[in-house]
Amino acid sequence: MKKWTVTRVLFTFSFVLFFACTNSKTEPLATTSNTATPATADAKNNFGGFESQVKWGESIVKNAGCNDCHTPKKMGPNGPEDDMSLLLSGHPAQMPPPDFDAKEAAKKGLIVTQSFTSWTGPWGTTYAVNLTSDASGIGGWKEEQFIKALHERKWMGLDNTRPLMPPMSLMPATKMSDDELKAIFAYLKTTTPVKNIAPQAVLLPPPAAKS
């Protein structure tokens, strides 16, 4: 009787051990079956922590101050503010040029601005261009053209064109990585199209080199 009891206890203990070991082997399978998390994390890492390239580009545009020059202003309760109906559409074509003597500015080294969308200084007068997805903006641009415009500081991102002029030639965007510029371009391609052809820059001859 005692032998039978010991045998039964040993059998039961062996069964419990087998069940426990079986369970311990199946638990990791349930944990490792969720493969979506690393993939999602990798995707976000590729887009600066955002879920898409467009969202990343939108964040860069907002934080880099692109609206400061490329979005026309309207008067608000606390002074000039961005006119979001004309988001990133550049200097309004119908706005008259600033009443300012550019040559006099060059002599004195002055820099002035008109609604922050046009700038006058020793280089002449430059205007913020249309960055919306309209054909009058960057609707017809290619990604490599956009990158070339900023990295090589070439007007329109084309060979044999004039240099990019201030203030754009001095902006942080010219030093951004290819991936950051690609994200910006992807976002700009999704913006509401606004038809607006900014005036052409009026440039002064470079100042004579001092001997």
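Basis of the calculations
Residues numbered from 1 in each chain as written. Predicted model: local features only at pLDDT ≥ 70, side-chain atom pairs only at ≥ 80, totals over all residues. Heavy atoms only, no water. Pairing = 2+ DSSP bridges. Helix = DSSP H or I, 4+ residues; strand = E, 2+ residues; numbered from the N terminus. Salt bridge = Lys/Arg side-chain N within 4 Å of Asp/Glu carboxyl O. Buried < 20%, exposed > 50% of the residue type's maximum accessible area, 1.4 Å probe, protein only. Contact = heavy atoms within 4.5 Å. pLDDT = per-residue confidence, 0-100.

Caption draft 1: Examining the sheet that holds strand E4 (residues 118-121) more closely. Strand order in the open sheet formed by four strands is E3-E4-E5-E6, and the pairing between neighbours is antiparallel. Looking at which strands have only one partner, the edges of the open sheet turn out to be strand E3 (112-114) and strand E6 (202-203). Bridging between E4 and strand E5 (residues 124-127) involves four bridges; their strand directions are antiparallel. Across the sheet, Trp119 pairs through a bridge with Thr126, a residue of E5.

Caption draft 2: Inspection of the pattern of salt bridges at higher detail. Evaluation of the coordinates by the stated rule reveals five salt bridges. In this structure, Asp82 engages Lys73 in a salt bridge whose closest nitrogen and oxygen atoms are separated by 3.4 Å. On the basis of relative accessibility, which here comes to 25%, the residue Asp82 falls in the partly exposed class. Close ionic contact of Lys148 with Glu152 constitutes a salt bridge, the shortest N to O distance being 3.0 Å. Among the residues examined, Glu152 registers a relative accessible area of 47% and is labelled partly exposed. Several salt bridges share partner residues, and in doing so they unite Lys55, Glu58 and Lys62 into one network.

Caption draft 3: How the structure looks around helix H7 (residues 178-188). Those residues of H7 not exposed but buried are Leu181, Ala183, Ile184, Phe185, Ala186, Tyr187 and Leu188. Where H7 is buried, its residues meet helix H3 (53-63) and helix H6 (143-151).

Caption draft 4: How the structure looks around the confidence of the model for the protein. Taken as a whole, the protein shows an average pLDDT of 82; of its residues, 78% reach a score of 70 or greater. Ranking the elements of the protein by mean pLDDT puts helix H1 (residues 2-32) last with 39 and H7 first with 98. Throughout residues 1-37 the model reports pLDDT below 50, and contacts reaching past four residues in sequence, or to other chains, amount to zero contacts.

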